[in-house]
Amino acid sequence: MTKRDDKIREKRQEWEEGTLSKAVGRFSFLKEAPSRFYTPLDQEGFKFLDKVGFPGEYPYTASVYPFDPMAGLSRLAAKAPTESGLTRAATYSGYGTSEDTRDYYKQNIERGIRQGPNLAMDLPTQCGYDSDNPVMYGEIGKVGAAIDTLKDFEIIYEPFQGDLNLDNIASNFTINAPAIFMIAMYAALAEKRGIPLNKLKATPQNDILKEYIARGTYIFPPKPAMRLFRDILVFVHEHIPQMNITSMGGYHIREAGATREQDLAFSMAIARAYLQTGLDAGLDIDSFAPRFTFNASGGSMELLKEIAFQRASRRMYARIVKEQFGAKNPRSMIIRQRITAHVGASSAAKQRPLNNLARSVVGGIAGALSGGPPAVFPPYDEPMGLGWSREAQQLTQDAGRILACEARLLDVVDPFAGSYFMEAMTDEIEVAAGKEMKKIDDMGGIVKAIEQGYVQKAVTESAYEHQKKIADGDVQIVGVNCFLGENELEVETTRLVPHPYDPEKRAKAEDRQIANLKEVRRTRNDTQVKQLLVELEQKARDNNENLMPHMIECASAYVSLQEVCDVLREVFGEYEPPAIF
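Predicted model only: the values in this text are computed from it and were never measured. (Residues numbered from 1 in each chain as written. Predicted model: local features only at pLDDT ≥ 70, side-chain atom pairs only at ≥ 80, totals over all residues. Heavy atoms only, no water.)

Chemist: Lay out the overall build of the protein chain in plain terms, naming residues and giving numbers.
Modeler: From N to C terminus, the protein chain includes 22 helices and five strands. Relative to a compact globule of 581 residues, whose C-alpha radius of gyration would be 25 Å, the protein chain shows 25 Å and is just as compact. Counting all 581 residues of the protein chain, 51% fall into the buried class. The contacts in the protein chain between residues at least 6 apart in sequence include a share of 77% that link residues at least 24 apart. When the accessible area of the protein chain is evaluated, it comes to approximately 26700 Å², of which 52% is carbon and sulfur surface. Distance between charge centroids for the protein chain: 4 Å, based on 70 positive and 80 negative side chains. (Helix = DSSP H or I, 4+ residues; strand = E, 2+ residues; numbered from the N terminus. Rg over C-alpha atoms; globule rule 2.2 N^0.38 Å. Buried < 20%, exposed > 50% of the residue type's maximum accessible area, 1.4 Å probe, protein only. Contact = heavy atoms within 4.5 Å. Areas by Shrake-Rupley, 256 points an atom, 1.4 Å probe, with all protein chains shown as cover. Lys, Arg positive; Asp, Glu negative; His and termini not counted. Charge placed at Lys NZ, Arg CZ, Asp CG, Glu CD.)

Listed below in structure tokens is the structure:
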């Protein structure tokens, strides 16, 4: 302890007992100071190079890149091209039948959007059921596009030809439990078009472990599900080297109710399980880890803490990959994600929806100040139904432009680096997440923790506590549980153009999709289909067999999603969540 620290400690006590105490006493509704002040005492043993380093260098606390190229483009906004130079998929989208989604992308291309599909899929698809399954009636095409067979992919990708063919675009697939078959359909489509697999760029979400914790679109128990993850990892590594293997992250876990520290701990534990799967398959860590991406992590209105969270997550992941897995390639150690700090969709409210734009701007500011892009997300009409209006998308896009071009928030990378508060908070979050990870390690890892129901129970309890605080008014949401006087206004916006998701098409999607599937079944080679399914069962029972090549054969023969998943259900069984209360 230095003399400087002793002097600061003495002065802090004097301040707390004097100036601070008097200020609190002036307000009868306060029992203690509502704000905290940080000093060098909160940064004990701080070493800049160990804790922060430089942007784009280990441990990546400041940022995974030296700078955001948008900072350069923003200075030339009136002259610069709109493209970033990167091949990326468009925004998350898709609804109704494959024809409906195709037409949506046609409209995008006509508007100058030259990015590949970022496919949202309906719940039956995500859970491995066909559209003609009676149990699924009422859900077809509701929260995404219905995908039953390769025919649907053929239709959706009709607009993507010529210079927008599969070897010139990137695609995203938000799919997890049956991700192996979606990748197979994409590969089969490429083969039909004569495009080599090594030319494909895509990102399947393929983050099955978080499904048991948050979204719930699981099919098989965790262990066989991880076998499918292994098969995808190995095949993609060997045959589709430009395709990402997974898009993981704690965003969905946080949205389900996890605390900030739980989000980080569970995300890192899941990442470790996926990395270990690659090693267990005999691969070198640096040969596949660079193809791991993160969807996002975090998400709340607490701007300063979300900035600290992102800094902690980058440092924590880098250390895990380097120190625990022995990676040497810097690309293996970085969190690759389009969104850093943000407010999360659950921060948006249906009441006074235009307020959601202000909330999303807070998230964009946090993103820029956390060493990432100013990602203003979600559009203000997020709680109002499937798909975002063109008006909401325009406001969101312009808000990000304003933060970059007018507010110039990208002129400095990680402006809080070295801050007494920010470094202390970053450390606190990392330490708390580390303690939670230790609990998971003691159980035998994240798969065991999921099988025992520990993680699900922890998230459920946290969600309950947070919702209780909202109900009790301890967490304030403007227009929802406070500032509700009779003179408050419900401000609305004018709809200038039709919603991009046609309501009439959505209403009739189910019948049309079922008719499409019926036609596929009528025209395909059923003898071949039956033989392929028999072979699939045999191969699935052999844990040493990689199922990807056979999945591509099944897709090419127009075997349906449920037909494949039903075979795997028979072999692997279906997941039954443990009782957690």
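Now that the structure has been shown, the text picks up again.
Chemist: Please provide a residue-by-residue account of the nonpolar core, values included.
Modeler: Among the nonpolar cores identified, the biggest contains 130 residues, and F153, Y157, L209, F292, Y317, I446 and L568 are the most heavily contacted of them. The leading source of residues in this core is helix α7 (residues 179–192), at 12 residues. Residues A296, A345, A375 and W388 belong to the second largest nonpolar core, which totals seven residues. (Core = buried A, V, L, I, M, F, W, Y, C linked by side-chain atoms within 4.5 Å.)

Chemist: Account for helix α16 (residues 420–443), with residues named and values stated.
Modeler: The first and last C-alpha atoms of α16 sit 36 Å apart over 24 residues, in line with the 34 Å expected at 1.5 Å per residue. Listing the buried residues of α16 in full gives F421, M422, E423, A424, M425, T426, I429, E430, A433, E436, M437 and I440. Tucked inside the fold, the buried residues of α16 contact α11 (260–280), α13 (303–324), α17 (446–451) and α18 (454–472). Of the residues trailing α16, G444 is marked for its positive phi of about 105 degrees. (Expected span 1.5 Å × (residues − 1).)

Chemist: Lay out the sheet that holds strand β3 (residues 201–204) in plain terms, naming residues and giving numbers.
Modeler: Strand order across the open sheet formed by three strands is β1-β2-β3, with parallel pairing between neighbours. Edge positions in the sheet fall to β1 (118–119) and β3, since each has one partner strand and no second. Relative to β3, strand β2 (residues 170–173) runs parallel, the two being bridged by four bridges. Across the sheet, the residue bridging to A170 is K201, located in β3. (Pairing = 2+ DSSP bridges.)

Chemist: Which residues make up the environment of R338, and what are the values?
Modeler: Along the polypeptide, R338 turns up in the loop between α13 and α14 (355–369). Judged by its relative accessible area of 44%, R338 is partly exposed. Residues R338 and N295, 43 residues apart in the sequence, show an inter-C-alpha distance of 7.4 Å.

Chemist: Any chance you could break down the packing of aromatic side chains for me, citing the residues and the numbers?
Modeler: Summed over the entire model, instances satisfying the criterion amount to 24 aromatic pairs. Relative to Y501, the ring of Y104 has its centre 5.4 Å away and its plane inclined at 70 degrees; by these criteria the two rings are edge-to-face. Of this pair, Y104 sits in helix α4 (residues 98–110) while Y501 sits in the loop between α18 and α19 (503–523), and the two are 397 residues apart along the sequence. The exposure class of Y501 is buried, given its relative accessible area of 6%. Between F294 and Y317, the ring centres sit 5.0 Å apart and the planes meet at 80 degrees, which makes this aromatic pair edge-to-face. Of the two residues, F294 is situated in strand β5 (residues 292–294) and Y317 in helix α13; the sequence distance between them amounts to 23 residues. Aromatic rings pair up to connect Y95, Y104, Y105, F153, Y157, F160, F173, Y186 and Y501 into one cluster. A cation over a ring is seen here: R254 above F309, with NZ or CZ 5.7 Å from the ring centre. (Phe/Tyr/Trp six-rings, centres within 6.5 Å; stacked < 30°, edge-to-face > 60°. Lys NZ or Arg CZ within 6 Å of the ring centre and 35° of its normal.)

Chemist: Report on the packing of α11 against α13, specifying residues and quantitative values.
Modeler: Contact pair α11 / α13: the axes reach a minimum separation of 11 Å and the direction vectors enclose 25 degrees. As the angle between them shows, α11 and α13 are arranged roughly parallel. The way α11 lies across α13 gives a crossing that is right-handed. Judged by residue contacts, R260, D263, L264, M268, A271, R272 and L275 of α11 engage K305, E306, F309, A312, S313, M316, Y317, I320, V321 and Q324 from α13. Classifying every residue of the contact of α11 with α13 by side-chain character gives 10 nonpolar, two polar and five charged. (Axes fitted to C-alpha atoms, helices over the stretch in contact; angles between N-to-C directions. Parallel < 35°, antiparallel > 145°, perpendicular 65-115°, else oblique. Left-handed = near helix turned anticlockwise from the far one by under 90°. Nonpolar A, V, L, I, M, F, W, Y, C, P; charged D, E, K, R; others polar.)

Chemist: Report on the pairing of β2, specifying residues and quantitative values.
Modeler: Neither face of β2 is open: one carries A170 and N172, the other S171 and F173, and all of them are buried. Examined bridge by bridge, β1 and β2 share two bridges and lie parallel to one another. Of the residues in β2, the one forming a bridge with L119 is F173. Each parallel crossover has a hand, and the one from β2 via α7 to β3 is right-handed. (Right-handed = clockwise from strand over helix to strand, strands pointing away.)

Chemist: I'd like to hear about the side chain of T217, residue by residue, with values.
Modeler: Within the element layout of this structure, T217 appears in the loop between α8 (208–213) and α9 (222–239). Classification of T217 as buried rests on a relative accessible area of 5%. Looking at T217, its side chain comes within polar contact range of the side chain of E211, at 2.4 Å. A distance of 3.3 Å separates polar atoms of two side chains, one belonging to T217 and the other to R215. Beyond its immediate sequence surroundings of up to four residues, T217 is in contact with L123, Q126, C127, A177 and E211. (Polar contact = N/O pair within 3.5 Å; in protein donor to acceptor, adjacent residues only side chain to side chain.)

Chemist: Before we move on, can you summarise the pattern of salt bridges with the specific residues and values?
Modeler: This model, assessed by the stated rule, comprises 43 salt bridges. In this structure, the salt-bridge partner of E211 is R215, at a minimum N-O distance of 3.0 Å. By relative accessible area, E211 is classed as buried at 0%. Exposure remark for R215: the relative accessible area of 29% places this residue in the partly exposed category. (Salt bridge = Lys/Arg side-chain N within 4 Å of Asp/Glu carboxyl O.)

Chemist: Outline helix α1 (residues 3–25), supporting the account with residue identities and numerical values.
Modeler: Look at α1: 32 Å from first C-alpha to last across 23 residues, which is about the 33 Å you get at 1.5 Å a residue. For α1, the principal kink sits at W15 and spans about 40 degrees. Among all positions of α1, only D5, G18 and V24 are buried. (Bend = angle between axes of the 7 residues up to and from the residue.)

Chemist: Account for a nonpolar patch on the surface, with residues named and values stated.
Modeler: Where nonpolar side chains cluster on the molecular surface, the patch consists of F48, L49 and F54 and spans about 310 Å² of accessible area. Within the fold, L49 resides in helix α2 (residues 48–51). (Patch = residues over 30% accessible without salt bridge, like charges linked within 9 Å, V, L, I, M, F, W, Y side chains within 5 Å.)

Chemist: Outline unusual backbone geometry, supporting the account with residue identities and numerical values.
Modeler: A cis amide bond links Y58 to the next residue, P59, at an omega of 10 degrees. With respect to the helices and strands, the residue P59 is situated in the loop between α2 and α3 (69–74). In the segment running from F377 into P378, the intervening peptide bond is cis, with an omega of 5 degrees. Tracing the sequence through the fold places P378 in the loop between α14 and α15 (390–406). Of note in the backbone geometry, R352 takes a positive phi value of approximately 45 degrees without being a glycine. If you trace the backbone, R352 turns up in the loop between α13 and α14.

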